[in-house]
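Take a look at the letters that make up each chain.
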Amino acid sequence: MKFKITPKMVIPVVLLLLVAGGFYFSQVRADKELHRGFASGNGRIEATEIDIATKLSGRVDKILVDEGDYVKEGQLLAVMQTNTLEAELEEAKAQLQKAITDEKSAVAQVVQRESDKKVSEAFVLERTSTLDAMQRRYNRSKLLVGKGAVPIEEFDDDETNLSGAKASLASAKAQVMVNQAAIEAAKADVISRQADIKAAEAKIKRIEADIEDSYLLAPRSGRIQYRVAQPGEVLGAGGKLLNLVDLTDIYMTFYLPEMAAGQVALDSEARIVLDAFPKTVIPARISFVASVAQFTPKTVETEVERQKLMFRVKANIPPEYLEDRVEYVKTGLPGLTWVKVDAGADWPEFLKLKESK
């Protein structure tokens, strides 16, 4: 049986289409009016990720957290084996003690050499006095021998004694110089031993720092997202153990066309509505607007046809909003971010923040 439209049915059908069309266009117009002064872009919830990695190569001793655990800043997350470092620390401490002992011995050598120099200087004074006496005796003998008052043998003895006194004085002065050189060498040895002490102390500090770095602490509060290594594994320097999501730095990145992006100011208000929670409006602040446009990513959808170039915009959720909602924060959730392009526009009802009870 075929259905036929009779003349009587034409008028009601036309009226129905007109009503439906009018309703549709009125809704489209109302929707446009509702969205006038605002722009939106789709994106996904993201967060700053931090890799918890080793500073030095070594074996993993303990991992104290698991995937999904919420950790506080400064909390101990993992421990690397420190047996080798502790042995090196004991060796460095022994080297420090030896360097301190050697320095004391070097200082004692300086004192000894200075004492030897004083003795040699006293000998110089004594030899100088003896030489003066020998010189006067020689001068008298020389005068008297010419007059025949003194035997020539006695004059010869005085001359020999004078030469001996000169040689003794020269030897004493040379000994002073030797002792002075010994003092300088002993002082240089003291400086060397002091350098050994500083080197040993620096080595101890370095090893203690390495031991401290073997206890991996949470640099920020957040949630453990991945556990990459297991106890007993040997990792190289920089080897990753855990991946931490910083739950105080949650944001959504989205894209806007040139006209809209140019009207968005930094630190201006934004609203995020997640697909999973369509009735929950999340407050946000614009923290970044790209200064250069880029080709539209494939994941970005626009209201009309896809535009070739878009500007990347970042909206951060305030940390204070997240404090009591940490357990609900999940990265990767898709949604829409709304921003004002007209500062005088009022947020529509479905984007107004609800008062927390």
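If you're wondering where the values come from, they're calculated on a predicted model, not measured in any experiment.

> Account for the environment of A174, naming residues and giving values.
Counting through the fold element by element, A174 comes out in helix α3 (residues 152-213). The spatial distance from the C-alpha of A174 to the C-alpha of V124 is 9.3 Å, given a sequence separation of 50 residues.

> So what's going on with the nonpolar core? Which residues, and what values?
Counting 29 residues, the largest nonpolar core has I250, L256, I286, I317 and V339 as its most contacted members. At the level of secondary structure, the elements contributing two or more residues to this core comprise β1 (38-53), β8 (240-256), α4 (258-261), β9 (269-274), β10 (277-289), β12 (309-317) and α5 (319-322). Ranked by residue count, the leading element in this core is β8, at 6 residues. If we skip the residues at most four places from it in the chain, I286 touches F254, V264, A265, L266, D267, S268, A270, V313, K314, A315 and V339. Of all hydrophobic cores here, the second largest spans 17 residues; its members include I63, V71, L77 and I224.

> Tell me about the side chain of N243, and please be specific about residues and values.
Mapped onto the fold, N243 is located in strand β8. Ignoring any residue separated from it by four or fewer positions in sequence, one finds N243 in contact with E49, I50, D51, R223, I224, Q225 and Y226.

> Just give me the short version of the environment of Y321, but keep the residues and values in it.
Position of Y321 among the secondary structure elements: in helix α5. For Y321, a relative accessible area of 18% gives the class buried. As for Y321 and P283, which are separated by 38 residues in sequence, their C-alpha atoms are 7.9 Å apart. Setting aside residues no more than four positions away along its own chain, Y321 makes contact with T280, V281, I282 and P283.

> Go over helix α2 (residues 83-147), please, and point to the residues and values.
Under the 1.5 Å per step criterion, the end-to-end length of α2 is 95 Å for 65 residues, consistent within 8% with the ideal 96 Å. Immediately beyond the C-terminal end of α2, within one or two residues, lies G148, with a positive phi of roughly 80°.

> Summarise the confidence of the model for the protein chain; cite the residues concerned and give the values.
Per-residue pLDDT for the protein chain averages 83, and the proportion of residues at 70 or more is 85%. Mean pLDDT values over the elements of the protein chain span from 45, in helix α1 (residues 7-35), up to 97, in strand β4 (residues 76-80). Ignoring residues within four places in sequence, the model shows residues 17-34, a span with pLDDT below 50, making 2 contacts including any to other chains.

> How would you summarise the pairing of strand β2 (residues 58-63) if you had to cite specific residues and measurements?
Pairing geometry for β2 and strand β7 (residues 234-235), over 2 bridges, is antiparallel. Bridge pairing in β7 places R59 opposite V234. The sheet contact formed by β2 and β4 spans 3 bridges and is antiparallel. Considered in β4, the bridge of K62 is made with V79.

> How would you explain the sheet that holds strand β5 (residues 215-217) if you had to name every residue and give the values?
The antiparallel open sheet is built from 4 strands, whose spatial order is β5-β4-β2-β7. Whereas interior strands pair on both sides, the edge strands pair on one side only; in this sheet they are β5 and β7. Examined bridge by bridge, β4 and β5 share 3 bridges and lie antiparallel to one another. Following the sheet pairing, V79 is matched in β5 by Y215.

> Quick rundown of the packing of aromatic side chains? Include the residues and the values.
The tally for this structure, following the rule as stated, stands at 2 aromatic pairs. Taking 5.1 Å as the distance between ring centres and 40° as the angle between the ring planes, the aromatic pair formed by F38 and W347 counts as tilted. Taken together, the residues F38 in strand β1 and W347 in the segment after β13 (334-340) connect sequence positions 309 residues apart. A relative accessible area of 10% places F38 in the buried class. Owing to a relative accessible area of 9%, W347 belongs among the buried residues under this scheme.

Conventions adopted
Residues numbered from 1 in each chain as written. Predicted model: local features only at pLDDT ≥ 70, side-chain atom pairs only at ≥ 80, totals over all residues. Heavy atoms only, no water. Helix = DSSP H or I, 4+ residues; strand = E, 2+ residues; numbered from the N terminus. Core = buried A, V, L, I, M, F, W, Y, C linked by side-chain atoms within 4.5 Å. Buried < 20%, exposed > 50% of the residue type's maximum accessible area, 1.4 Å probe, protein only. Contact = heavy atoms within 4.5 Å. Expected span 1.5 Å × (residues − 1). pLDDT = per-residue confidence, 0-100. Pairing = 2+ DSSP bridges. Phe/Tyr/Trp six-rings, centres within 6.5 Å; stacked < 30°, edge-to-face > 60°.

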